[in-house]
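# A structural walkthrough
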Number of protein chains: 2
Amino acid sequence: MKIIENKIKFCIKNLKSYEPVLFKGKYKLDANENSYDLPKLIKRKILKKILNIPVNRYPDPEARSLKKILSKKLKVKKDMIFIGNGSDEIIFYLAQSFLEKDDVVIIPVPTFEMYKIISKINAAQVIEIPLTKDFDIDDKNIIKYAKITKAKFIFIAYPNNPTGNCFSKDKILNIIKNTDAIVIIDEAYFEFSEKTFIKYLKKFKNLVILRTFSKAYSIAALRVGYMIANKEIVKILNKIKLPYNANSISQVFAKEVLLNEKYLKDNIKKIISEKEKLYEKIRKKFFVLKSDSNFLFLKVADIKKAKKIFQKNKISVRIFNSGYAKDFIRITIGKKEENRIILNALNKL
Amino acid sequence: MKIIENKIKFCIKNLKSYEPVLFKGKYKLDANENSYDLPKLIKRKILKKILNIPVNRYPDPEARSLKKILSKKLKVKKDMIFIGNGSDEIIFYLAQSFLEKDDVVIIPVPTFEMYKIISKINAAQVIEIPLTKDFDIDDKNIIKYAKITKAKFIFIAYPNNPTGNCFSKDKILNIIKNTDAIVIIDEAYFEFSEKTFIKYLKKFKNLVILRTFSKAYSIAALRVGYMIANKEIVKILNKIKLPYNANSISQVFAKEVLLNEKYLKDNIKKIISEKEKLYEKIRKKFFVLKSDSNFLFLKVADIKKAKKIFQKNKISVRIFNSGYAKDFIRITIGKKEENRIILNALNKL
């Protein structure tokens, strides 16, 4: 296979890929999806629309009607919105547009692994800055290293994944103000935190916000994410994006969940209330972080034993054997019964 | 906007993007889609399945059940198949996996523009080798330049787009045998040509074949393409692909059109028969190429006048004002009535 091996891009040769699933259980609490499927009412509405879509035609490359609805809802101009096949595709396009070989990307850790993987695929150097002891962002070190290295990107998940908390707003603003880098704030769990940097977009041209339909909006299957940023950045991404990256059916699903949002609010409320209950119970026995998202991050004394118990009980959760989150577990908030099963399993630890 | 402009990747700054649509008419014959929508029968079957899919869950990242069906149909192993969000996404991944800055990509021209655009986004140098006078591939020059430049990729559309013909099989084999480059054969229109290089995959490890569901299979809206190649290449692409690139609903559509292929065959036959008729009529007045695809490529004396007439008649076709296909028009074969309208328009030229 020399003929192939010799040709692989250098930065990819030793890359470790993203492994989305650890093990498969009956109770899927490992991917921070909304535990509730889309209400049948909305689903039927959507399927009726799909029946009348000529699927032999390519999608609207500009996803205009989806952008129109988003623009109205978010009170930002349409030319500040970019639609992706999941927000990870948008991260890919950002990397592709800006990162030259050996450019520096700064990432607080632990965080969502795709920032690092996508940066490395694009031959960038990744500098990881550990969170402070109280799981906040280390603004001073990030600013320092961004200056020294002339970093192109700083990724900030807000709330952070896997820790689940929102970092201090002031520290993030401090980073945005005191760096020349493009600061990419990933608000994938915004609908659970209700905290956003959207109002700072006007003031800071180096700010990029990412959102997704894969979490609160219950349509992870459809792969729709979006970016809100100044129009210069949107223009660049439009230039390099695959012409038909957002498929027609996903565009319909995204539009309809936005237009029928009120039916989703109940599920979001239920998840938040279940989270609070679970948090109170878990904290009696474990170190667990206060969460602004739809998942909890807790430390266990014996991670191997925890893995065994979860596997035995057919529960899929995210288990960190190594790295900055070593000995922690990330549990997606499930339905009532799933959360009870989680507690039972934790009680065996 | 200096803060942003200064950061754009050098190879992207002056890039011209792909403009999928020239102008919008009532008769859409510009994108080589299947002019027939998916039969309602199949659509209803699919929508019934979708109703029972938990759309709150992420897609199967490996698209296993789709690969299983494809594997059986194509008689290739599952680990030789890769699914993409359109075959253009697969081209992107190939470029991303293999192309270092200034690596050379060889492209016969005129051909599908995305090969060049995606190569350039990945900082590669593109060498364009014009077709011979009879619109065949210039194997000798391609082999020569591939050797001199140590080209990484050679793209070959088979049938070629926009010319519509299949290049000589022997010339293509000559290229595959006599070069060290990865030869990417794009068989997007295979279901119309019924000519394929699939049987050569075993012998030539540097061969990659691309296919799509966007043409004959009538689901351009869903964005599903696939690659068949030796498993080493598939492994590399699996390493760098976005984990959930192929969404769940598109996977269902692709599976169902494969399982209900017999209902699609009629439309394909109709298109081929309409094409032959249209060809015979057009050739009386114009230079038009014999086509192995679902479109025709013809030369007009006055391209500006042609553009005006098509616009006036609300017909969207692909018009080439410049470049290697200058003064040519590419017309997708439509339904019977659309083809009559096309002929009327051409008769005014």
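Residues numbered from 1 in each chain as written. Chains lettered and ligands numbered in written order. Predicted model: local features only at pLDDT ≥ 70, side-chain atom pairs only at ≥ 80, totals over all residues.

What chain A contains, in helices and strands, is 14 helices and 13 strands. Taken over C-alpha atoms, the radius of gyration comes to 20 Å for chain A, in line with the 20 Å a tight globule of 349 residues would show. Judged by the C-alpha coordinates and their principal axes, chain A covers about 55 × 55 × 50 Å. The buried share of chain A, taken over its 349 residues, is 52%. Of all intrachain contacts in chain A linking residues separated by at least 6 positions in sequence, the fraction that spans at least 24 positions is 71%. (Helix = DSSP H or I, 4+ residues; strand = E, 2+ residues; numbered from the N terminus. Rg over C-alpha atoms; globule rule 2.2 N^0.38 Å. Buried ≥ 20, exposed ≤ 12 C-beta atoms within 10 Å, placed from the backbone. Contact = placed C-beta atoms within 7 Å.)

Looking now at the relation of the copies chain A and chain B. When chain A is brought onto chain B, the operation consists of a screw motion whose angular component is 180 degrees and whose axial shift is 0.0 Å, with 0.0 Å RMSD remaining. What we have between these two chains is a two-fold relation. Distance from the rotation axis, computed per C-alpha, reaches its smallest value in chain A at A:Leu47: 3.2 Å. (Least-squares fit on C-alpha atoms with pLDDT ≥ 70 in both.)

Below, the discussion takes up the pairing of strand S7 (residues 207-212) of chain A. Residue and element names in this part refer to chain A. In terms of burial, S7 is a largely internal element, 6 of the 6 residues being buried. On S7, burial covers both faces: Leu207, Ile209 and Arg211 on one face and Val208, Leu210 and Thr212 on the other are all buried. When strand S6 (residues 182-186) meets S7, the two strands line up parallel, connected through 4 bridges. Bridge pairing links Ile184 to Val208 in S7. Where S7 lies against strand S8 (residues 225-229), 5 bridges are found, and the strand directions are antiparallel. The residue of S8 that forms the bridge with Leu210 is Met227. (Pairing = 2+ DSSP bridges.)

Residue and element names in this part refer to chain A. At a minimum axis distance of 10 Å, the contact between helix H3 (residues 40-51) and helix H11 (residues 248-259) shows a crossing angle of 140 degrees. Relative to H11, H3 is oriented oblique. In the packing of H3 onto H11, the handedness of the crossing is right-handed. Across the interface between the two elements, Ile42, Lys45, Ile46, Lys49 and Ile50 from H3 touch Ile249, Val252, Phe253, Glu256 and Val257 from H11. (Axes fitted to C-alpha atoms, helices over the stretch in contact; angles between N-to-C directions. Parallel < 35°, antiparallel > 145°, perpendicular 65-115°, else oblique. Left-handed = near helix turned anticlockwise from the far one by under 90°.)

Next up on the list: the sheet that holds strand S8 (residues 225-229) of chain B. Within a sheet, each strand pairs with its neighbour through backbone hydrogen bonds, oriented either parallel or antiparallel. All names here are of chain B. With mixed pairing, the 7 strands of this open sheet are ordered in space as S2-S8-S7-S6-S5-S3-S4. Only two strands of the sheet have a single partner each, and these edge strands are strand S2 (81-84) and strand S4 (125-130). Shown here is a sheet whose adjacent strand axes are inclined to one another by a mean of 20 degrees, direction ignored.

Residues and elements named next belong to chain A. You can see Ala345 is positioned in helix H14 (residues 336-347). For Ala345 and Ile309, which are 36 residues apart along the polypeptide, the C-alpha to C-alpha distance reads 6.5 Å. Once residues within four sequence positions are removed from consideration, Ala345 is found in contact with Ile309, Phe310, Asn313 and Ile315.

What follows covers the sheet that holds strand S13 (residues 328-332) of chain B. Residues and elements named next belong to chain B. The 4 strands are arranged S9-S10-S13-S12 in an open sheet whose pairing can be described as antiparallel. Bordering the open sheet on either side are strand S9 (287-288) and strand S12 (318-319), each of which pairs with just one other strand. Pairing geometry for strand S10 (residues 295-299) and S13, over 5 bridges, is antiparallel. Paired with Phe297 across the strands is Arg330, a residue of S13.

Residue and element names in this part refer to chain A. When the domains of chain A are assigned, the result is domain 1 (2-38 + 262-347) and domain 2 (52-259). Inter-centroid distance (C-alpha atoms) of domain 1 to domain 2 is 22 Å. With 27 residues of domain 1 at the contact, the number on the domain 2 side is 29 residues. Residue assignment for the side of domain 1 that touches domain 2 shows that the elements contributing at least two residues are helix H2 (10-13), helix H12 (262-282) and strand S10 (295-299). Grouping the amino acids of the side of domain 1 that touches domain 2 by side-chain chemistry returns 15 nonpolar, 6 polar and 6 charged. (Domains from an automatic or database assignment. Nonpolar A, V, L, I, M, F, W, Y, C, P; charged D, E, K, R; others polar.)

Another aspect to go through is the nonpolar core. Ranked by size, the top nonpolar core spans 228 residues in total, and within it A:Ile219 and B:Ile219 carry the most contacts. The contact partners of B:Ile219, leaving out residues within four places of it in the chain, are A:Val55, B:Leu38, B:Phe213, B:Ser214, B:Val224, B:Phe253, B:Ala254 and B:Val257. (Core = buried A, V, L, I, M, F, W, Y, C linked by C-beta atoms within 7 Å.)

Another point: the pairing of strand S4 (residues 125-130) of chain A. All names here are of chain A. Relative to S4, strand S3 (residues 104-109) is paired through 6 bridges, and the arrangement is parallel. Following the sheet pairing, Val109 is matched in S4 by Pro130. One crossover worth recording links S3 to the parallel S4 by way of helix H6 (residues 114-121), and it is right-handed. (Right-handed = clockwise from strand over helix to strand, strands pointing away.)

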